[in-house]
Structures are given as structure tokens and as C-alpha cells.
Amino acid sequence: TDVELEPKEAILFLHPDNVLTIDVLYGSSEFRVTNNDSTLAEVRHEDGTRKVTVRPKQQGNVRIFVEDLKLESGSRVYCDVSIVGPRYVELTAASNIIEEGKETQFTVNVLDERRRRFSPDQLRWMNINLQIDSDSAYVRERALNVRRVPNSYNLFDVRGELVGEYKIVAVMTDEKDEKMSSSGFELSVYPPLAVFPPSIFAASDCVTVLSVEGGPTSRSRILNKIELLTKISKPNVVEMSRSDDGHFEVTAGAVGEASIVFELRFIDTQKAIASVTVPVTIGVISSVEIAGLANRRVHVGAQLRLVPIVRINSVSASQSSCPLEYIWSTTQTQSLRLYPNIGGYAGDGTEDFQQHNIGVNATALRPGEADVTLKIRVVCKRFCLSKTEYTANARLHIVPVLAIEVPTYVGYPASTSPLLLIPPGSEYQLPSKKDAARLRFSLTSCQSTVRGIEVRENGRIVTSSERGRASVVIEDTTNELEVEMINIVVANVHALIVGQSQKTLFLPVDAESTLRIYLQDQVGREFPKGIQGLKLRYHVGNPKVLQASFNNDNSHINLKGISIGSTIVWVFLSDNSEIFDAFMVNVQTLIEPTSPVQVHVGGIVQFSLNQKINQVGQKWFSEDGHIMDIHSVSGRAVAKAEGRTDIIYKDVVQTLARAQVYRTTRLALVPSNYRVFTNVPTSPFYQSEYRMEFKAFVDERELTSFYDDRSNINNNLRFDCSAAQSEWLAVRGAIEEDRLGKQQALVCYVKTKHYYPRDGVSFG
């Protein structure tokens, strides 16, 4: 068989260590190898072998000839080799979008001037790396994890470490440190797709709001190219609807099991990007209990929060809004007193009381035992079961505080030794009014109890997963008499309390409220705020009514009323949802007219309360009196200037309404058929009175809100018209009203006085 070469044509990167191997196929084993220019390449062939090696010397084109010496019919064959340098770098990837923590593979190709591709094994001599094109050193170092694929020179695995949009370039650096780069490749790293709560355990008629988290963010360049699809396995078990704010309301139906699948897909190709499945169990209430209360020992004076845990098929129920009534009681009122809300106690604590809020507050008054009873009644809606009432009982042990009093200063009462609680696996910065550089921090304790506690030079305390206790000694290095000791106990969080939740019993629309979050150990002592490493979550039962967020250190929750309605808010530990607090928020308006109030400059608004409240020091005031001024007693307000302000009523309760004051910026004539005014009755254009309607605008928005039919808003508007040629035309302006007195339109009525054959009549 005649001789053949593989490859018949090749490009060779000019590098002293780069070698091209040409395989000689077929023929005998005796060959003659020659080339047309030995100055361009070093060509070698060992007798008895079928391989020819080519080592480049300089750029150019060389032809390698191979001739079979034994075959008479064999002709000379050749391989053309182009010794060239790189001209283009190309970068491609298996995907341009990846989930945080996942990988995609990038491929680098290098081409010559004629866009011929170098073989991957030659890229070993080209010093190729991937880089993030960013001005931020943090992004360049942390955003992506780039690893070269083992035994490969042009393949890279890239893992997304930080969510964001990144531009990646392949960079080739030669021996002279000159760089050649590819075009930027846009890569999106999105948070893992998740749904909260991740599963649903609920009773029939309960409503659970699912929040889809993760997926491409609002800043992602592919956001408009993807869609979220859902599928329910058993529609008779659950029904689901999507609200305008993007949440999903799941209503529990018949008892049974189902699943809800959420899937992200590309719109054009329908290729799935990510999916998550929410298992659903709809069952009957198997038991109820009072969270964390059974046989709990607390100190005298401790403030507690009692909340129920409802179990469905022996599993803790999801954060759902259910048709349930809660009744709390205790008979040991000398030891424990129950309050519907802190600061809002009514009654002597002996009677049962029913409330909208599912939790109740309690104060440990004196040592002893106290039994707490919770009754939950099911309000039948679509599904009614035979059992509609459940009872939970728990016994609380109230013990004296272990406190050793020590003297402080003359004239001041004695104090107890300070105790600082810190959870395992967290950090806490000791606060100090003195310069930390002047202070020295150290631990003093026996070795058996100090395990898992570390104090650093700046007063930062770090705890491991172990429990322990120690004392921190703080010394002022400039004064040896300035010494303080703090006892530290590493303890688990036993309870969570959202303080002053009574403030949200009447939360006005657009109003905001910030509530402190307290963490307690088993005996009711408080953890300090500002602990790092302890993760909290919140869940709003009806996101259409309320928005929520944590502050920076998770020590407060911020609430804002969006629309009128009620919702339950849950706040809980991320790793233990049974350590939680739950409270009801009623978003409504106590003020009439309802917020937002829109009124024209010069208008008058009569504010009042729509509910009877025991008035003590009734007072109305405006946050900005330059925009709207209000009488402190009567509530009569005058709009004075453009802008937005809050009208606030402050008495036993505080509530507000948001007011927007605007001014007309231009008028425009509504097109009509009237183009000629005449007093000639026989003319086809004759009218006894012509009606010219105008529209009012605020900037570019048509002003319709000043046609307000609320009796407590009087925009106090007047519309006038005049004609420049008053000897020809009689003009009057009016604001038309319907039979209910609602302002309808701005109109100029025009009557002709004398006929005069001339165009150009004008009026304003």
C-alpha cells in the first residue's frame, strides 16, 4: 500500500521545545525523509520507525517529503508545515450561566493569522491563563475559582464563588512578557434556586406563602430570557396562586401528599437551568405544645414569650396562616402573669382571654411552679374534622436568681457580678468607652471550663461549638487600678422574643415600625445584641400587606405597612425553626381620609380618626409644616406648597397618613369639532354657547386625582377663562360636577357678541 502521512498539513507554534510528530502510514519500513528548507526546521527520522519529528527554528513554510525505498509503485508524499506565531485567542464555555457553588468548563483556542487553530498540546508552550476583567481586587481574587483541567492545556473548570456578573478573558503571555487576550466572555453567577419554606406540613384550609429565592438577580443580563414554571402533582391536595409581588399562596385542601416543582427555563430553548421540589403533606393536627416551656426553669423577674407549636402527623407545622383561635390561661397568677402584649395587660390574669395574636407574654413574679394551658380551636371552613379543639399544658419552674451583691460607690446601690452569654460558634465584640489600644484582655479560668472560648487583643470573644465558661479580665495598661472582670457563659439560645409587638396591632399603611429582637437562655437571661455567626430568618404570612427586613446585626426587625390587611410574622433561628416568635400585624388606617392623601396647593383636608380612642393628649401635627399646615386639635389642614409630608396623630396610639401636595403645571385643550365661532344662526357652525374642555397636567401626568369625591378633601379650585377680544366673545369658566357633586371637567363656555369676518380669535 502506498505511503500516507498523518497529518498532511499542520501549523507549528514557534517555540524551541515544541515538536510536531508526523506518523508514516502504510508502505514498507524503509523511508527517505527530506525537506525543502532546513533553516526553518529541524527534521528527524530514525531508521526503522514510522515517526518523523519537526522542531521549528524560525517562522516560515516547510515541506516534509517521505519516500518509500522498497515499493516501486510508491511515490513521494509530503506534509506542509507552517511555522507561525499566534494571532488570535478565543474563549468559549459550556454555559454562560452557573449557580453559585457550581462549575462550568471553559475552552481556550489559539489561532494564527489565517485563523487556523493550533492543536491543544501546543498550548502547553503558550502560558495561557484565565482572568476576571475587573477593577476590584476582591472580585478578581474571590469571585471565581479557576482550575486548569489536569493533563490539559486549554481546558479550565470555573466555579462561581460570589453571585454577580463577570467578564472573563483568556490571556496568553509570551517569553517577552507581552500579552495577547481574548474577547471578554460574560458569565452570570446566580444564587442557588430555593423555596422557603422548603416543605409544607399543614392542616386543611391553612394558607402557606412560598417565597422563591435565588436564581438570576434583577441585575442579571439574562433575566428577561428565562421564565419560572410551576407544576403541582395533586391539585386536589393543594391549590396555588401567584401574587403580583411574586410570592405563591398555597392553600391546603384535602388530606394527602403532593409536590410542587419550581423550574427555571430559557424561554427560547426551554432548556432547564435549575429546579427545586417542595414536598407537601396535608394532614390532621396530631398535637399542640407550648414552645420550649415544658419543665423550663426561669429566674424570678424574667420576661417570657409563649408561642404554640402545632404538629401535623407529629411533625412541626410550617409557618402558615390557619383558621385557629388561641386561648391562654394560668391559675398560678401569684407566680406567673400572662399579658396579651407587653405593656398592654388587661385584667388580673386569672381569666382566660382570646386574642388575635397567637403568642402571649408572661412575667415570672415569684418562686414556685406555674401551669400554663393553651387551647386551640379550629374554625371550620371548607374542611371540617371531627376534632376541633386541642389542649397543651406545660409546667414552668420559677427559681430565685443566684446573685452576689458587691459594693460599688458611696451613695450608689450594690451591684452583682456581670454575666455575658454567648452562643456556641459565634463572635462578640466587647464594647468599651476607652481606647482599645490602652486595654489588655485575658482569660482566667480552670482549663476544664475554658475550652472553646478565646479572647483576642481587641476584646473580641470567639466561641467554638463546645460549651464552657470563663472570666475575661480587662485591664487599663495606663492605670493598674482600672480592672474589670466579666463572667462569660457559652450557652445555647433557648427562646426568641420580638419586643413590643403591640406596636403593630395598628400599623398604618406606609408607616414603619422597628422592633427589638431578644434572645434568651433557658432561665430567661438575655444575650447581648450584635452577636455574629447567629443567623435569623423571618417569614411574612401575607407579603401583600407587609414588608420586613433585618437591620445589619439582626438585633431589630423593620416592618412597613403596604396595604390594608392582617398577617402573621414569624422570626426564628435559621438552624432551629422551633425557637421562634410569632405575632400578628394589622395594617390599617385610623385616619380619614385614607393614605395616601392627594390635594392641590391651596386645598383643605379635614383629618379625623375612624375609630374611637381614649384621648389623653390628642394632637395632630405635620412633619413638614411648610408643605401642609394642620391645626393640632381640629385636624384641619391647608396645603401650602408642593411636596410630600406625613400627617401624624399622636395620643395613646400613634398613626399617620401620607400627604402629597401638587400644583397644576399646564393646561391643554381637548380636541373638539369647534373651529369657528359665529353668531349667524343659519351657519352650520352656529351654537348658542360653545363648550371648550381642558385637561390639567402635573408635569407630564394628567391630573385626575383633583377630581376627588371625598367630602373631607376640598381642593378649593377655581377655573377662569377670558378672551383677548372681549368685544366679540363672552367667556366664562367652570368646573363641571355630576349630580353627586364630583368634579368632572374644566370647561370654558363661549358666546359670540358681534359678527366680524376675521380669524385669530384667542382666549385663555
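All figures in this text were calculated on a predicted structure; none of them were measured in a lab.

K.L.:
How would you sum up the overall build of the protein chain? Please name residues and give values.
P.N.:
For the protein chain, the helix and strand inventory stands at two helices and 67 strands. Counting over 764 residues, the protein chain shows a buried share of 42%. For the protein chain, the share of sequence-separated contacts (at least 6 apart) that also reach a separation of at least 24 residues comes to 62%. Working note: accessible area of the protein chain is about 40500 Å², and carbon and sulfur atoms make up 47% of it.

K.L.:
So what's going on with the environment of His45? Which residues, and what values?
P.N.:
The residue His45 is located in strand β5 (residues 41–45) in this model. The buried category is assigned to His45, whose relative accessible area is 19%. In sequence terms His45 and Ile22 are 23 residues apart; their C-alpha atoms lie 9.8 Å from each other. Not counting residues up to four positions away in its chain, the partners in contact with His45 are Phe31, Val33, Lys51 and Val52. One polar contact links the side chain of His45 to the main-chain carbonyl oxygen of Thr49, over a distance of 2.8 Å.

K.L.:
Please set out the packing of aromatic side chains residue by residue, giving values where relevant.
P.N.:
Under the definition given, this model contains 10 aromatic pairs. Ring geometry for Phe248 versus Phe262: centroids 5.2 Å apart, planes at 80°, classification edge-to-face. A residue pair is termed long-range when its members are at least 10 positions apart, and Phe248 in strand β23 (residues 248–252) and Phe262 in strand β24 (residues 256–266) qualify at 14 residues. Grouping residues by exposure puts Phe248 and Phe262 together as buried. Cluster of aromatic residues (ring-pair linked, three or more members): Phe607, Trp620 and Tyr649. If you follow Arg537 out to its NZ or CZ, it ends over the ring of Phe196, 3.9 Å from the centre.

K.L.:
Let's hear about the pairing of strand β15 (residues 164–173): which residues, and what values?
P.N.:
Taking burial as the measure, the 10 residues of β15 include eight buried ones, the bulk of the element. Sheet topology places strand β12 (residues 128–132) next to β15; five bridges connect them, and they run antiparallel. If you follow Asn129 over to β15, its bridge partner there is Val171. With five bridges joining them, β15 and strand β17 (residues 185–190) adopt antiparallel strand pairing. Bridged to Ile168 within β17 is Phe185. Here β15 runs beside strand β16 (residues 179–181); their pairing, made up of three bridges, is antiparallel. Counted as the bridge partner of Val171 is Ser181 from β16. Linking β15 back to β16 in an antiparallel pair, the connection comprises five residues, with Asp177 at a positive phi of about 65°.

K.L.:
Please provide a residue-by-residue account of the sheet that holds strand β1 (residues 4–6), values included.
P.N.:
Backbone-to-backbone hydrogen bonds join strands into a sheet, with any given pair of strands oriented parallel or antiparallel. Spatially, the four strands line up as an open sheet ordered β1-β3-β6-β5, and their pairing is antiparallel. This sheet does not close on itself; its edge strands, each paired only once, are β1 and β5. The sheet shows a mean angle of 25° between the axes of neighbouring strands, taken without regard to direction. In terms of strand pairing, β5 meets strand β6 (residues 51–56) through five bridges, oriented antiparallel. Residue pairing for β6: His45 is matched across the bridge by Val52.

K.L.:
Tell me about the state of the cysteines, and name the residues and values.
P.N.:
Taken as a whole, this structure holds two disulfides when the rule is applied. Across a sulfur-sulfur distance of 2.1 Å, Cys206 and Cys322 are joined as a disulfide pair. The chirality of the disulfide connecting Cys206 with Cys322 is right-handed, given an S-S dihedral of about 120°. Residue Cys206 is found in the loop between β19 (200–203) and β20 (207–213), and its partner Cys322 is found in the loop between β30 (315–316) and β31 (324–330); the two are separated by 116 residues along the sequence. Here Cys206 falls in the buried class, since its relative accessible area comes to 3%. Between Cys721 and Cys748 runs a disulfide, and the two sulfur atoms are separated by 1.7 Å.

K.L.:
So what's going on with the confidence of the model for the protein chain? Which residues, and what values?
P.N.:
Model confidence for the protein chain is summarised by a mean pLDDT of 85, while 90% of its residues fall at 70 or above. Contacts from residues 341–356, a stretch scored under 50 in pLDDT, to residues over four places away or in other chains number 38 contacts.

K.L.:
Please set out the side chain of Asn154 residue by residue, giving values where relevant.
P.N.:
In this structure, Asn154 sits in the loop between β13 (144–148) and β14 (155–160). Apart from the residues within four sequence positions on either side, Asn154 is in contact with Phe106, Thr107, Val108, Asn109, Pro120 and Leu123.

K.L.:
Describe a nonpolar patch on the surface, and please don't skip the residues or the numbers.
P.N.:
On the surface, a cluster of nonpolar side chains totalling about 240 Å² of accessible area is made up of Val255, Val284 and Leu385. The residue Val284 is located in the loop between β25 (272–283) and β26 (285–290) in this model.

K.L.:
Tell me about the layout of surface pockets, residues and numbers included.
P.N.:
Taken as a whole, the largest pocket encloses approximately 680 Å³ of empty space. In this structure, the largest pocket is lined by 44 residues; those nearest its centre are Val310, Ala317, Ser318, Gln319 and Ser320. For the lining of the largest pocket, the class distribution of residues is 29 nonpolar, 10 polar and five charged.

K.L.:
Describe the nonpolar core, and please don't skip the residues or the numbers.
P.N.:
Grouped together as the largest cluster of nonpolar side chains are 64 residues, with contacts concentrated most on Phe262, Ile290, Leu306 and Trp328. Leu496, Leu507, Leu546 and Ile557 belong to the second largest nonpolar core, which has 46 residues in total.

K.L.:
So, empty space enclosed by the protein: which residues are in play, and what are the values?
P.N.:
The tally for this structure, following the rule as stated, stands at one cavity of 30 Å³ or more. Of the pockets and cavities examined, the largest cavity occupies roughly 130 Å³. Along the walls of the largest cavity sit 14 residues, with Leu519, Pro528, Lys529, Asn554 and Ser555 positioned nearest its centre. The greatest single-element share of the lining of the largest cavity, amounting to four residues, is contributed by strand β47 (residues 512–520). The residue makeup of the lining of the largest cavity, split by class, is eight nonpolar, three polar and three charged.

Rules of the game
Residues numbered from 1 in each chain as written. Predicted model: local features only at pLDDT ≥ 70, side-chain atom pairs only at ≥ 80, totals over all residues. Heavy atoms only, no water. Helix = DSSP H or I, 4+ residues; strand = E, 2+ residues; numbered from the N terminus. Buried < 20%, exposed > 50% of the residue type's maximum accessible area, 1.4 Å probe, protein only. Contact = heavy atoms within 4.5 Å. Areas by Shrake-Rupley, 256 points an atom, 1.4 Å probe, with all protein chains shown as cover. Polar contact = N/O pair within 3.5 Å; in protein donor to acceptor, adjacent residues only side chain to side chain. Phe/Tyr/Trp six-rings, centres within 6.5 Å; stacked < 30°, edge-to-face > 60°. Lys NZ or Arg CZ within 6 Å of the ring centre and 35° of its normal. Pairing = 2+ DSSP bridges. Axes fitted to C-alpha atoms, helices over the stretch in contact; angles between N-to-C directions. Disulfide = S-S within 2.5 Å. pLDDT = per-residue confidence, 0-100. Patch = residues over 30% accessible without salt bridge, like charges linked within 9 Å, V, L, I, M, F, W, Y side chains within 5 Å. Salt bridge = Lys/Arg side-chain N within 4 Å of Asp/Glu carboxyl O. 1 Å grid on protein atoms, 1.4 Å probe; cavity = no way out; pocket = protein on both sides within 12 Å on 5 of 7 lines; lining within 4 Å. Points joined across faces, edges and corners; volume = space filled by probe spheres on them. Nonpolar A, V, L, I, M, F, W, Y, C, P; charged D, E, K, R; others polar. Core = buried A, V, L, I, M, F, W, Y, C linked by side-chain atoms within 4.5 Å.

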